[in-house]
Amino acid sequence: MTGYGDRGDGTGLLAIGAFARACRLSPKALRLYDDLGLLPPAHVDPLNGYRRYAPAQLERARLVAWLRRLGMPLARIREVCALPPDAAATAVAAYWEQVEADTAARRDLAVFLVDQLSRKDSTMATTPTPMTLRAAALTDGGLVRTANQDAAYAGRRLLAVADGYGAAGGRAAATALAELTALETRDPAPADLLDALEEAAHRANRAVRQLGTEGAAEAGCTLTALLHAGARPVLLHIGDSRCYVLRDAGLVRLTHDHTPVQSLIDEGRLTPEEAPGHPQHGLLSRALDGSEGFAPDLRLLDARPGERYLLCTDGLHTVLPPGTLQEVLAAAPGPEQAVRELVTRAREAGAPDNIGCVVADTVAADA
């Protein structure tokens, strides 16, 4: 076995194989880190391209190896390696704090999924409890924007929020919710809920398209809506507004943002804590914009009495972390108090955007 003396040229440099063994990185990884500019070799032979490393590079290489074992993205590792030791230690601590928070969120989601699957099994043997909604909605212009383009609705069967964008975004959000609220006057059978909500959303998309043909400026909006009848509500979602549920498993997010930044997070190229500072933060990859390709997410939920749902625009969830959302939802005696406290907390946090939120409790129909 060759050791650190496997230098091959008498220069004091380590051949790539010896350096790889010393820092516990594979030669393949070293080549990748060279290509990325993260760990360039001290010398590259101009004839055969063979890489050699200085012994002094071992400390940085070992740090890279340790950070990769933590799961830190390469872009973040480059930043940490460029910092002095104290600042690097702070950056690693902040990264790991976020990892633990993400792990806790995934744990909650796992508990939620176990609960959902158990419900499906028990529902086959029992009759679901008839339920109704007690809900409240509230919007606020925030502290920065000159106009409020958010819309929120809380009815007997329907909950919905929409966040408009563009010069006519407020009209788009209001138009979308107006199309959906027509469902309040209908009484679709539980088996028809999904089709009823999807058809209403497509009508809303066509109505927003009509705004453009009538000479309105650019118009579009997000849309997150929940249509309830019996124990199987239907959730429809497009954009970056969100739906959460508070139950025994804690607060669980039920929607997935349709944004370029969320795609980068999904691919592991961006961490959640890096997202707010990304230049594409706030851009949408899917929205209710009148286009022919309108394709919202749809899913059936299993609901039980005693759950609390939150639908909100990004003016709320980008300024209040999940822990604060859960704290407020768990403490508020009713939906009215919950929406007021959520808006108050958002304003205290600076409220740079419009705020729209709906809170609803599921209760037994005979309660």
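Further up the page is the structure itself.
Read on for a plain summary of the structure. (Residues numbered from 1 in each chain as written. Predicted model: local features only at pLDDT ≥ 70, side-chain atom pairs only at ≥ 80, totals over all residues. Heavy atoms only, no water.)

### Some points on the sheet that holds strand 1 (residues 14–15)
Piece 1. Here we have 3 strands laid out as an open sheet, ordered 1-3-2, and antiparallel in their pairing. The sheet is open, and its two edges are formed by strand 1 and strand 2 (43–44), each paired on a single side.
Piece 2. As defined by bridge partners, strand 1 adjoins strand 3 (residues 51–53) across 2 bridges and the pair is classed as antiparallel. The residue of strand 3 that forms the bridge with Leu14 is Tyr53. (Pairing = 2+ DSSP bridges. Helix = DSSP H or I, 4+ residues; strand = E, 2+ residues; numbered from the N terminus.)

### Some points on the packing of helix 1 (residues 16–23) against helix 3 (residues 58–70)
Piece 1. One can describe the packing of helix 1 onto helix 3 by two numbers: an axis separation of 9 Å at closest approach and a directional angle of 60 degrees. Between helix 1 and helix 3, the angle falls in the class oblique. Regarding helix 1 and helix 3, the two cross each other, and that crossing is right-handed. For the pair formed by helix 1 and helix 3, the contact residues are Phe19, Ala22 and Cys23 on the first element and Leu58, Ala61, Arg62 and Ala65 on the second.
Piece 2. Across the contact of helix 1 with helix 3, the residue classes tally to 6 nonpolar, no polar and 1 charged. (Axes fitted to C-alpha atoms, helices over the stretch in contact; angles between N-to-C directions. Parallel < 35°, antiparallel > 145°, perpendicular 65-115°, else oblique. Left-handed = near helix turned anticlockwise from the far one by under 90°. Contact = heavy atoms within 4.5 Å. Nonpolar A, V, L, I, M, F, W, Y, C, P; charged D, E, K, R; others polar.)

### Structural notes on the sheet that holds strand 13 (residues 308–312)
Piece 1. Ordered in space as 4-14-13-10-11, the 5 strands form an open sheet in which the pairing is antiparallel. Of all the strands in the sheet, just strand 4 (131–140) and strand 11 (250–253) have a single pairing partner and so form its edges. Averaged over all pairs of adjacent strands, the angle between strand axes in this sheet comes to 20 degrees, irrespective of strand direction.
Piece 2. Pairing of strand 13 with strand 14 (residues 355–364), which is carried by 5 bridges, proceeds in the antiparallel orientation. When the sheet's bridge partners are listed, Arg308 is paired in strand 14 with Asp361.

### Some words on the layout of surface pockets
Piece 1. As a volume, the second largest pocket reaches approximately 300 Å³.
Piece 2. Around the second largest pocket, the lining is made up of 15 residues, and of these Arg145, Asp163, Gly282, Asp314 and Asp353 lie nearest the centre.
Piece 3. Residue composition of the lining of the second largest pocket, by class: 4 nonpolar, 6 polar and 5 charged. (1 Å grid on protein atoms, 1.4 Å probe; cavity = no way out; pocket = protein on both sides within 12 Å on 5 of 7 lines; lining within 4 Å. Points joined across faces, edges and corners; volume = space filled by probe spheres on them.)

### Side note on the nonpolar core
Piece 1. The biggest cluster of nonpolar side chains holds 30 residues, and the ones touching the most others in it are Leu180, Leu197, Cys221, Leu223, Leu227 and Leu288.
Piece 2. Breaking this core down by element, the ones donating at least two residues are strand 6 (158–165), helix 6 (169–181), helix 7 (193–213), strand 8 (223–227) and strand 9 (234–238).
Piece 3. For Leu227, the contacting residues outside a window of four places in its chain are Arg157, Leu158, Leu183, Leu193, Ala196, Leu197, Pro233 and Val234.
Piece 4. Among the nonpolar cores identified, the runner-up in size contains 26 residues, and Ile16, Leu25, Leu67 and Met72 belong to it. (Core = buried A, V, L, I, M, F, W, Y, C linked by side-chain atoms within 4.5 Å. Buried < 20%, exposed > 50% of the residue type's maximum accessible area, 1.4 Å probe, protein only.)

That is the geometry; function is a separate question.
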